Amino acid sequence: MIGSRRAAADGARPDGVANAPLLRVTDLRLEVPGATGPVAAVDGVSLEIAAGRVLALVGESGSGKSLTALAIARLLPDGVVRRSGQLWFEGVGALERLPERAMRAVRGAEIGFVFQEPMSALNPVMRVGEQVREAIEAHRGRPRGRAARQRAIELLAQVGIPEPELRYRAYPHELSGGMKQRVCIAIALAAGPRLLLADEPTTALDVTVQAQVLELLAALRRRSSLAMLLITHDLGVVAELADGVAVMYAGRVVEQAPVEVLFRAPLHPYTVGLFRSLPRLDGPRGRLVPIPGSVPPPGERPAGCPFRNRCAAAVARCAEQEPRLESVAQRHAVACWRPGAVTP
Ligand SMILES: Nc1ncnc2c1ncn2[C@@H]1O[C@H](COP(=O)(O)OP(=O)(O)O)[C@@H](O)[C@H]1O
Ligand code: SF4
Ligand SMILES: [Mg+2]
């Protein structure tokens, strides 16, 4: 099943956007409780992902990446509110207007979710194969009973679990971290979703296992038209998997481009800072230079450009007026008054 759908996506644009996107997020604003009232944690985020394409969402911790993904799946934690924004999904329509019952059907059947910590997504007292089978049976029109069990075993094999018939009967604690994450990926794929939201799917794993899980995601990406929103802080992962990249800072998208453009010519001083501060698998291994300071929490973001307190290129205008995300070339947008002022 995974092998058949890729071809349709090959005409799509390389930045993860086709004429008719699979998912379009428009002007998303999410609020969290602040000292004197709600404050924006995600502010005016717009994204598009085409069928079969991978959009990477990168940025330091606290940038709003996870909340953005949770908002798409309508799984926001208590206290976090979607103040505005549209979530349009091809063939379904406006996700934000769906009744919860209909949204439950979309989760799984259209949108799968893989989290950073596999144990939090698994039921510790249920055999892993049964959990995959349950995810298959949860949706109308899917196989049931023995057929679902057989399909679960096939899925376990597909995500690279050796001796899947045997492992079907294992409990989560009997599997390694990498194997658990593979089970989570199998559950996410059980109902054949068109979009996978993967939030730091390899961060909790050790380095060799990270590489194996990445290889699995890369294989899924090559062999099917499964689209992904891939949240990661690892630019090596981005280089390997993504078509397009959106860089988030303090709740906003500050730069967006096809992956090869962003790696060749990043324009936002923050993006350049990320390249300097994070290890790259594909580039020279020079000294890593951390970006001074940290992401301001919601409610404490400075007026003007939210990055200005940490930016080597800041000028007076940066304190007065917030730069909007604007196209600087075809498919390359940046929110900065001085794009390119800091060079890699
Ligand atoms: N449940 C919550 N309640 C209040 N604030 C939250 C909650 N979840 C996240 N936040 C705040 O929203 C901001 C963005 O969080 P998050 O989306 O998790 O960032 P990222 O995934 O980029 O690290 C952070 O400053 C965080 O403190
Ligand atoms: S707008 Fe100014 S402060 Fe913000 S990133 Fe650009 S140069 Fe730096
Ligand atoms: Mg996160």
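Right above here is the structure, for reference.
Residues numbered from 1 in each chain as written. Chains lettered and ligands numbered in written order. Predicted model: local features only at pLDDT ≥ 70, side-chain atom pairs only at ≥ 80, totals over all residues. Heavy atoms only, no water.

**Let's talk about the overall build of the chain**
Operational definition: The numbering of helices and of strands both runs from the N terminus, where a helix is a DSSP run of H or I of at least 4 residues and a strand a run of E of at least 2. Atoms counted for the radius of gyration: C-alpha only. Globule rule: 2.2 Å times residue count to the power 0.38. Accessible area is worked out with a 1.4 Å probe on protein chains only. A residue is then buried under 20% of its type maximum, exposed over 50%, and partly exposed in between. We call two residues in contact whenever any of their non-hydrogen atoms come within 4.5 Å of each other. We count Lys and Arg on the positive side and Asp and Glu on the negative side, and we leave His and both chain ends out. To locate a charge, take atom NZ for lysine, CZ for arginine, CG for aspartate or CD for glutamate.
If you tally the helices and strands in the chain, you get twelve helices and twelve strands. On C-alpha atoms alone, the chain measures out to a radius of gyration of 20 Å, which is about the 20 Å that the 2.2 N^0.38 rule sets for 344 residues. Each of the three principal axes of the chain carries a C-alpha extent, and together these read 70 × 45 × 40 Å. When the 344 residues of the chain are sorted by exposure, 54% land in the buried category. Contacts in the chain between residues at least 24 apart in sequence constitute 66% of all its contacts with a sequence separation of at least 6. Of note, the chain has its 43 positive side-chain charges centred 2 Å away from the centre of its 34 negative side-chain charges.

**Digging into the sheet that holds strand E1 (residues 23–34)**
Paired through backbone hydrogen bonds, the strands of a sheet run either parallel or antiparallel to each other. Our working definition: Strands qualify as paired when DSSP identifies two bridges or more between them. Here the axes come from fitting lines to C-alpha atoms, over the contacting stretch only for helices, and the angles between their N-to-C directions go from 0 to 180 degrees.
One open sheet accounts for four strands, arranged E2-E1-E4-E5; its pairing is antiparallel. Each end of this open sheet is capped by a strand with a single partner; those strands are strand E2 (37–49) and strand E5 (93–94). Summarising the sheet, E1 and strand E4 (residues 81–89) pair through seven bridges and their orientation is antiparallel. Paired with Leu 30 across the strands is Arg 82, a residue of E4. Contacting E1, E2 and E4, helix H1 (residues 65–72) runs over the sheet at an angle of about 115° to E1.

**Focus on the sheet that holds strand E10 (residues 252–258)**
Across the sheet, which stays open at both edges, the eight strands sit in the order E6-E7-E8-E3-E9-E10-E12-E11 with mixed pairing between neighbours. The open sheet has two free edges, formed respectively by strand E6 (111–114) and strand E11 (326–329), since each of these has just one partner strand. Strand-to-strand, the axes of this sheet are offset by a mean angle of 20°, without reference to chain direction. Two elements, E6 and strand E7 (residues 195–199), share four bridges in a ladder whose sense is parallel. In the sheet register, Phe 113 faces E7, and the bridge partner there is Leu 197.

**Focus: the nonpolar core**
Rule in force here: Definition of nonpolar core: a set of buried residues of the types Ala, Val, Leu, Ile, Met, Phe, Trp, Tyr and Cys, connected through side-chain atoms within 4.5 Å. Boundary definitions for the domains trace back to an automatic or database domain assignment.
Membership of the largest hydrophobic core comes to 67 residues, with the highest contact counts inside it found for Ile 185 and Val 238. Two domains share this core, each providing at least three of its residues, namely domain 1 (7–110 + 193–334) and domain 2 (116–192). If near-sequence neighbours (up to four positions away) are discounted, Val 238 is found in contact with Ala 56, Val 58, Thr 232, Val 245, Val 259 and Phe 263. In this structure, Leu 22, Val 45, Val 80 and Leu 95 belong to the second largest nonpolar core, which totals 37 residues.

**A short note on the site of ligand 1**
Short version of the rule: Distances are taken per atom, and a residue is near a molecule or strand as soon as one of its heavy atoms is within 4 Å of it. Polar contacts, as counted here, are pairs of nitrogen or oxygen atoms within 3.5 Å of one another; within protein the pair requires one atom able to donate a hydrogen and one able to accept it, and residues that are adjacent in sequence qualify only if both atoms are side-chain atoms. The method behind every accessible area is Shrake-Rupley, applied with a 1.4 Å probe, and residues are considered shielded solely by the protein chains displayed.
Gly 62, Gly 64, Lys 65, Ser 66 and Leu 67 are the nearest of the 13 residues found near ligand 1. Here an oxygen atom of ligand 1 and a backbone polar atom of Ser 63 are 3.1 Å apart. In this structure, Gly 64 approaches ligand 1 through a main-chain N or O atom, which is 3.0 Å from an oxygen atom. Coverage of ligand 1 by the protein chains reaches 67% of its 560 Å² of free accessible surface.

**A word on the pattern of salt bridges**
Heads up, the condition is: One side-chain nitrogen of Lys or Arg within 4 Å of one carboxyl oxygen of Asp or Glu is enough to make a salt bridge.
Applying the stated criterion across every chain, the model contains 18 salt bridges. With a closest N to O distance of 3.2 Å, Arg 29 and Asp 43 form a salt bridge. Here Asp 43 lies in strand E2 and Arg 29 lies in strand E1, a separation of 14 residues in the sequence. Judged by relative accessible area, Arg 29 falls into the partly exposed class, the value being 26%. For Asp 43, a relative accessible area of 22% puts it in the partly exposed group. Between Glu 100 and Arg 107 there is a salt bridge whose closest N-O contact spans 3.2 Å. Bridged by salt links that share partners, the residues Arg 29, Glu 31, Asp 43, Arg 83, Arg 252 and Glu 322 form one connected network.

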